[in-house]
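# Structural overview for review
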Amino acid sequence: MTIIITGTSSGIGFALAEYFGKKGHKVYGLSRKHTESQYFQSIPTDVTDNTAVQNAISEVLKTETRIDVLINNAGMGMVGAVEDSTKEDILKLFSLNLAGAVQMMSAVLPTMRQNKFGKIINISSIGSEMGLPFRGFYSASKSALDKVTEAMRYEVYPWNIDVCSLHLGDIKTNIAENRVIAQVSAPYKKVFHKVYALMNAHVDDGTEPLEVAEYIEKLLAKNKWKAHYYFGKFGQKIGVPLKWILPQGTYENLMKKYNKLDKN
């Protein structure tokens, strides 16, 4: 298959690109900087720049007649209290996590429509299903992408194009290096630093990126997709059905305990 993956300079994206390249697929990795690998072709692309996105897809189509799979992996985190977040930081986050993903989908869809086949995986987060403390806008950006994904499923299915959100738990990557960190005002400092240390500990103890690649390989083998898939450790995945079935107050108390917000 011909596979395009965004955010391939490191972390999950790099692991996915190398994994599928080693399996014999033709993989194109799009990220802001060129990445050396014998297993995939790197095309430097800022996915928030629609001209750059269109140029990258044109580059792929110079040698390929089809694009079978798009994995929208490029994204960034953002931490800080809602009150302290600036308009500039919020727009920067949504520009990449939402608009960038939409621009990538818009760029590959004409070719997928022509071939009457395509699969698009939007990398989301288990955190998109609930507002996480001090990660409210990250949760919101991924939740927005989820709703776009659901809408697109209706719009593109006549051409045998399938779209899904893959909600990941904590994955062992260097995501902390790329987060937008809002200025934390005095009222929040003490609790923020406690939650932030726990957040990083969860990432350090997260699932290996290779396991994500193996899961996506199984996903690509399926004929039809559900709108949402969840991958991660049980303790994080269980948070989703619990939110559906528990009273709001009970769920919030559980979340406070999980994030150590129930202790001074």
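This structure is a prediction, so every number in the text was calculated from the model and none was measured. (Residues numbered from 1 in each chain as written. Predicted model: local features only at pLDDT ≥ 70, side-chain atom pairs only at ≥ 80, totals over all residues. Heavy atoms only, no water.)

## Here's the deal with the sheet that holds strand E3 (residues 41-44)
Note the threshold: Only when DSSP finds a minimum of two bridges between them are two strands counted as paired. A run of H or I in DSSP counts as a helix once it spans at least four residues, and a run of E counts as a strand once it spans at least two, with each numbered from the N terminus. Axis definition: a line fitted to C-alpha atoms, over the contacting stretch in the case of helices. Angles run 0 to 180 degrees between N-to-C directions. Every residue pair with non-hydrogen atoms within 4.5 Å of one another is taken to be in contact.
The parallel open sheet is built from seven strands, whose spatial order is E3-E2-E1-E4-E6-E7-E9. Pairing within the sheet leaves two strands with one partner each, and these edge strands are E3 and strand E9 (228-231). Adjacent strand axes in the sheet meet at a mean angle of 20 degrees when their direction is disregarded. When strand E7 (residues 161-168) meets E9, the two strands line up parallel, connected through four bridges. By the bridge assignment, leucine 168 is partnered in E9 with phenylalanine 231. Relative to the sheet, helix H1 (residues 11-22) contacts strand E1 (2-6), strand E2 (26-31), strand E4 (69-72) and E7, its axis offset from that of E1 by approximately 165 degrees. Across the sheet, helix H6 (residues 209-220) lies against E4, strand E6 (118-125), E7 and E9, angled at about 150 degrees from E9, the strand it touches most.

## Describing the pairing of E1
Heads up, the condition is: We call a residue buried when its accessible area falls under 20% of the maximum for its residue type, exposed when it is over 50%, and partly exposed in between, using a 1.4 Å probe and counting protein chains only. Here is how to tell: hold the view so the strands point away, follow the path from the first strand over the helix to the second, and if it runs clockwise the crossover is right-handed.
Counting buried residues in E1 gives five out of five residues, a clear majority hidden from the surface. Neither face of E1 is open: one carries Thr2, Ile4 and Thr6, the other Ile3 and Ile5, and all of them are buried. Summarising the sheet, E1 and E2 pair through five bridges and their orientation is parallel. When the sheet's bridge partners are listed, isoleucine 3 is paired in E2 with valine 27. In this fold, E1 hands off to H1, which returns the chain to E2; that crossover is right-handed. As defined by bridge partners, E1 adjoins E4 across three bridges and the pair is classed as parallel. Within E4, the position partnered with isoleucine 3 by the bridge is valine 69.

## Thoughts on the nonpolar core
To keep it simple, the criterion reads: Throughout, nonpolar core names a set of buried Ala, Val, Leu, Ile, Met, Phe, Trp, Tyr and Cys residues whose side chains join them through atoms within 4.5 Å.
In this structure, Ile4, Leu70, Met104, Val108 and Ile120 are the most contacted members of the largest nonpolar core, which totals 28 residues. Listed by contribution, the elements that provide at least two residues to this core are E2, helix H2 (50-61), helix H3 (87-115), helix H4 (136-156) and E7. If you tally residues by element for this core, the top one is H3, at eight residues. Within the second largest apolar cluster, 25 residues are counted, among which are Ile3, Ile121, Ile123 and Ile216.

By themselves, these figures tell us nothing about what the structure is for.
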